[in-house]
Amino acid sequence: MTTRRFKRGDHVSWNSEAGRVSGRITRVVTSEIQFKAYTVHAGKDEPQYEIKSDQTEHIAMHKSSALTKLSR
């Protein structure tokens, strides 16, 4: 299975507890980091993405498998 790749500025959506959310990717993470008291396990072969919500400006971190690229 090939990992989908996104880049900074891509408009994406994902499921959250509040329903479907959309936002823009602000950072591509390719190494292990601390994020909101959690360890994010990311690597060059399996990056994770920091995303800023369009509506609330909340910052989230997700794997590519959780994201869907939007056309706009």
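Structure shown above.
The rules we used
- Residues numbered from 1 in each chain as written.
- Predicted model: local features only at pLDDT ≥ 70, side-chain atom pairs only at ≥ 80, totals over all residues.
- Heavy atoms only, no water.
- Helix = DSSP H or I, 4+ residues; strand = E, 2+ residues; numbered from the N terminus.
- 1 Å grid on protein atoms, 1.4 Å probe; cavity = no way out; pocket = protein on both sides within 12 Å on 5 of 7 lines; lining within 4 Å.
- Points joined across faces, edges and corners; volume = space filled by probe spheres on them.
- Nonpolar A, V, L, I, M, F, W, Y, C, P; charged D, E, K, R; others polar.
- Polar contact = N/O pair within 3.5 Å; in protein donor to acceptor, adjacent residues only side chain to side chain.
- Pairing = 2+ DSSP bridges.

Enquirer: Mind showing me how you'd approach the environment of I51 here?
Expert: With respect to the helices and strands, I51 occurs in strand β5 (residues 48-53). In this structure, the C-alpha to C-alpha distance between I51 and D10, residues 41 residues apart in sequence, is 9.3 Å.

Enquirer: What should I look at first to understand the layout of surface pockets in this one?
Expert: Sizing a probe to match a water molecule and rolling it over the atoms shows the empty space that remains. Here the largest pocket defines a volume of roughly 330 Å³. For the largest pocket, the lining is made up of 15 residues, of which W14, S16, E17, V21 and H58 are closest to its centre. Here the lining of the largest pocket is composed, by residue class, of five nonpolar, eight polar and two charged.

Enquirer: When you look at the environment of T56 in this model, what are you seeing that I'm missing?
Expert: Positionally, T56 belongs in the loop between β5 and β6 (59-63). Residues T56 and R8, 48 residues apart in the sequence, show an inter-C-alpha distance of 19 Å. Here S53 takes part through its side chain, which lies 3.3 Å from a polar atom of the side chain of T56.

Enquirer: Which parts of the structure should I look at to understand the sheet that holds strand β1 (residues 11-16)?
Expert: Paired through backbone hydrogen bonds, the strands of a sheet run either parallel or antiparallel to each other. If you walk across this open sheet you meet the five strands as β6-β5-β2-β1-β7, and the pairing is antiparallel. Both edges of this open sheet fall to β6 and β7 (68-69), since each of them pairs with a single strand only. Both β1 and β7 contribute to a ladder of two bridges, which runs antiparallel. Paired with V12 across the strands is K69, a residue of β7.

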